[in-house]
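One-letter residues, chain by chain:
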Amino acid sequence: MKIRLLPLRDQVMVITGASSGIGLVTARQAAGAGARVVLAARNGRDLERAVASIRARGGRAIHVVADVADPLQVEEIAAAATREFGRIDTWVNNAAVSMYGRIMELPIDDMRRQMDVNYWGQVYGSRTAVRHLRERGGALINVASALSDRAIPLQANYCAAKHAVKAFTDALRMELEEEGVPIAVTLVKPASIDTPFFDKARTYLGVEPQPVPPVYAPEVVSEVVLHAAQDPIRE
């Protein structure tokens, strides 16, 4: 099966978790390359600012306030994209939340919420994307983590979710290949341990933690995402 992806200048791209970090940088770079971009996240004010910034530079973008843990809201992201731009060519599942603490101390409700966003949000996004990309083809890009392959203390639930995203993405890719569906399914696994993690690790463990190397800037990760949007790559 030959998968052909469009150049960025001809694409409509949906990006979740697009109000900050990797998602925001990816949206800006994609728009700068000519893509029409749909930014989705829960923070409406930051999304408005992001879209205004993109438009001020001549880019084309809209935003959708949505919680990826709600499948109906994920469907609305797709609906907004097709209303505004007519179709979807690439869907990037990037939304995630972090939480720090020992397994036995974290509230179960908080752990369930994190799994709803970090795992189920990618499941809902992937299912929605496949329905829209199935006929024309396109790219589905799931942003996981270096922690998809390795667990670390104080982020057990985050690691579990990212392990699950990797397994889900691998299985989805195989099923779509077997059906002959022309969708490129890519898993991106950046390493990015932020300052709160180090602070929490010092507090809880009394040691100086080290990140899982190498640690990449968001711009490097976004370049990988945009490469996968144009050239099929597995991981």
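Reference entry: report on the structure contained in this document.

What counts and what doesn't
- Residues numbered from 1 in each chain as written.
- Predicted model: local features only at pLDDT ≥ 70, side-chain atom pairs only at ≥ 80, totals over all residues.
- Heavy atoms only, no water.
- Buried < 20%, exposed > 50% of the residue type's maximum accessible area, 1.4 Å probe, protein only.
- Helix = DSSP H or I, 4+ residues; strand = E, 2+ residues; numbered from the N terminus.
- Pairing = 2+ DSSP bridges.
- Right-handed = clockwise from strand over helix to strand, strands pointing away.
- Phe/Tyr/Trp six-rings, centres within 6.5 Å; stacked < 30°, edge-to-face > 60°.
- Salt bridge = Lys/Arg side-chain N within 4 Å of Asp/Glu carboxyl O.
- Expected span 1.5 Å × (residues − 1).
- Contact = heavy atoms within 4.5 Å.
- Polar contact = N/O pair within 3.5 Å; in protein donor to acceptor, adjacent residues only side chain to side chain.

As for the pairing of strand β5 (residues 138-143)
Inference 1: Counting buried residues along β5, 6 of its 6 residues qualify, which places the element largely inside the surrounding structure.
Inference 2: Side chains G138, L140 and N142 of β5 all project onto a buried face; the interleaved residues A139, I141 and V143 project onto the opposite face, where all are buried too.
Inference 3: Where strand β4 (residues 90-93) and β5 come together, 4 bridges link them in parallel fashion. If you follow V92 over to β5, its bridge partner there is I141.
Inference 4: Following the chain from β4 across helix α4 (residues 108-133) to the adjacent parallel β5, one finds a crossover that is right-handed.
Inference 5: Examined bridge by bridge, β5 and strand β6 (residues 183-188) share 6 bridges and lie parallel to one another. Its bridge partner being in β6, L140 is matched across the sheet by V185.

Concerning the packing of aromatic side chains
Inference 1: The final tally for this structure, using the stated rule, is 3 aromatic pairs.
Inference 2: Consider the rings of Y119 and F168, whose centres lie 6.2 Å apart with planes at 85°: the pair is edge-to-face. Remark: F168 occurs in helix α5 (residues 156-179) and Y119 occurs in helix α4; sequence separation between them is 49 residues.
Inference 3: The class of Y119 is buried, set by a relative accessible area of 17%.
Inference 4: Chaining the aromatic ring pairs together yields one cluster made of Y119, W120, Y124 and F168.

Observations concerning the pattern of salt bridges
Inference 1: The final tally for this structure, using the stated rule, is 13 salt bridges.
Inference 2: The closest approach of N and O atoms between R49 and D46, which form a salt bridge, is 3.6 Å. Pair noted here: R49 and D46 are both in helix α2 (residues 44-56), with a separation of 3 residues, about one helical turn.
Inference 3: Residue D46 is classed as partly exposed on the basis of its relative accessible area, which comes to 27%.
Inference 4: Of the charged contacts, one joins D89 and R136 as a salt bridge, the two residues approaching to 3.8 Å between their closest N and O atoms. On the criterion of sequence distance, the pair formed by D89 in the loop between α3 (71-85) and β4 and R136 in the loop between α4 and β5 is long-range, its members being 47 residues apart.
Inference 5: Within the structure, one salt-bridge network assembled from shared partners comprises D149, K166, D170, R173, K189, R234 and E235.

Side note on unusual backbone geometry
Inference 1: Phi angles above zero are rare outside glycine, and L154 is one such case at about 75°.
Inference 2: Considering the arrangement of structural elements, one finds L154 in the loop between β5 and α5.

Quick word on helix α1 (residues 21-32)
Inference 1: A rise of 1.5 Å per residue sets the reference length of α1, with its 12 residues, at 16 Å; its end C-alpha atoms lie 17 Å apart and thus fit the reference within 8%.
Inference 2: By the burial criterion, the buried members of α1 are I22, G23, L24, V25, T26, A27, A30 and A31.
Inference 3: Elements in contact with the buried residues of α1: β1 (12-16), β2 (36-41), α2 and α7 (218-230).
Inference 4: Of the residues one or two after α1, G34 is the one with positive phi, at around 105°.

Observations concerning the environment of I3
Inference 1: One can find I3 in the segment before β1.
Inference 2: For the pair I3 and V181, spaced 178 residues apart in the sequence, the C-alpha separation amounts to 8.8 Å.
Inference 3: For I3, the residues in contact, after removing those within four places along its chain, are P182, I183, A184 and P232.

With respect to α2
Inference 1: Across its 13 residues, α2 extends 18 Å between first and last C-alpha, which sits within 8% of the 18 Å expected from 1.5 Å per residue.
Inference 2: Residues of α2 that are buried make contact with α1, β2 and β3 (60-65).
Inference 3: Backbone nitrogen of R45 and a side-chain oxygen of the N-cap are separated by 3.3 Å at the start of α2; the cap is N43.
Inference 4: Just downstream of α2, G58 is the residue with a positive phi angle, here 90°.

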